[in-house]
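# Working through the structure, step by step
One-letter residues, chain by chain:
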Amino acid sequence: MKTKVFPLVFMCFTLIIESQIAFGQASIYAFKAETRKIEPFQYVYYEYRGSYMNAFTAFPQLSEYVDAENIETDLYSLGVFYDDPSLVTENDLRSEIGIMIKQKIKDGQYKCKKVDGFKAAVIRYNNMDEIENAYAALTKYMKEKNLTPVGPAYEFYYSFDENNFDAEILFPVK
């Protein structure tokens, strides 16, 4: 009896995964994680405390500031997320929302931070609906590769166009 149950369970599991992919629902198996070296970077940012979903509400003001000050930017913006939402209450979640910059600026209306290069577990996603599965896939990858996170989660955003969303999640690891 046991030998017949396993193939049936496996077949059902496979059908569920295939149907999720066929109907456009991302599964953790639809993502490809990797480990790579991240070069040093710097960013201008504001701190936010509260729901990660609302963290970007002041981003337009930051973007206007960068433009008004003629600050030379790099190719993308970022979010730095310090807390695990499953362990920290929504009101206490800490994040930094920023724009990559090419030169150091003085702290003023906004702060500036330089990050040394680091080894990271990385995964790319292309739709905000995929973010939970992307985090789950990256967590699975880190466990499989025996990688330990040693810092906050970074999200690099290469595009803000709703029709062409492109982002990566990065965890510094050892």
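In this report, we go over the structure that sits alongside the text. (Residues numbered from 1 in each chain as written. Predicted model: local features only at pLDDT ≥ 70, side-chain atom pairs only at ≥ 80, totals over all residues. Heavy atoms only, no water.)

## Overview of the sheet that holds strand E5 (residues 111–115)
Under the convention used in this document: Pairing between two strands requires that DSSP report at least two bridges joining them. Where helices and strands are cited, they refer to DSSP runs of H or I of at least four residues and of E of at least two residues respectively, numbered from the N terminus. Only the stretch in contact is used when fitting a helix axis, every axis being a line fitted to C-alpha atoms; angles between N-to-C directions are given from 0 to 180 degrees. Contact criterion: two residues are considered in contact whenever any of their non-hydrogen atoms come within 4.5 Å of each other.
Across the sheet, eight strands lie side by side as E1-E6-E8-E7-E3-E4-E2-E5; this open sheet has antiparallel pairing. The strands lining the two open edges of the sheet, one partner per strand, are strand E1 (33–38) and E5. Sheet twist, expressed as the average angle between the axes of neighbouring strands with direction ignored, equals 30°. Both strand E7 (residues 153–159) and strand E8 (residues 166–172) contribute to a ladder of five bridges, which runs antiparallel. Opposite Ser-159, over in E8, you have Asp-166 as the bridge partner. On top of the sheet, helix H2 (residues 59–68) reaches strand E2 (41–49), strand E3 (73–81) and strand E4 (94–101); it is set at about 30° to E4, its chief contact.

## As for the environment of Phe-118
How we decide: Categorising residues by exposure relies on relative accessible area from a 1.4 Å probe, with only protein chains included: less than 20% of the type maximum marks a residue as buried, more than 50% marks it as exposed, and the intermediate range marks it as partly exposed.
When you line up the elements, Phe-118 lands in strand E6 (residues 118–125). Look at Phe-118 and you get buried, because its relative accessible area is 12%. Note: C-alpha distance between Phe-118 and Ile-38 (80 residues apart in sequence) is 5.3 Å. Ignoring anything within four residues of it in the chain, the contact list for Phe-118 reads Arg-36, Lys-37, Ile-38, Phe-41, Tyr-154 and Pro-172.

Purely spatial values, then, with no claim about function.
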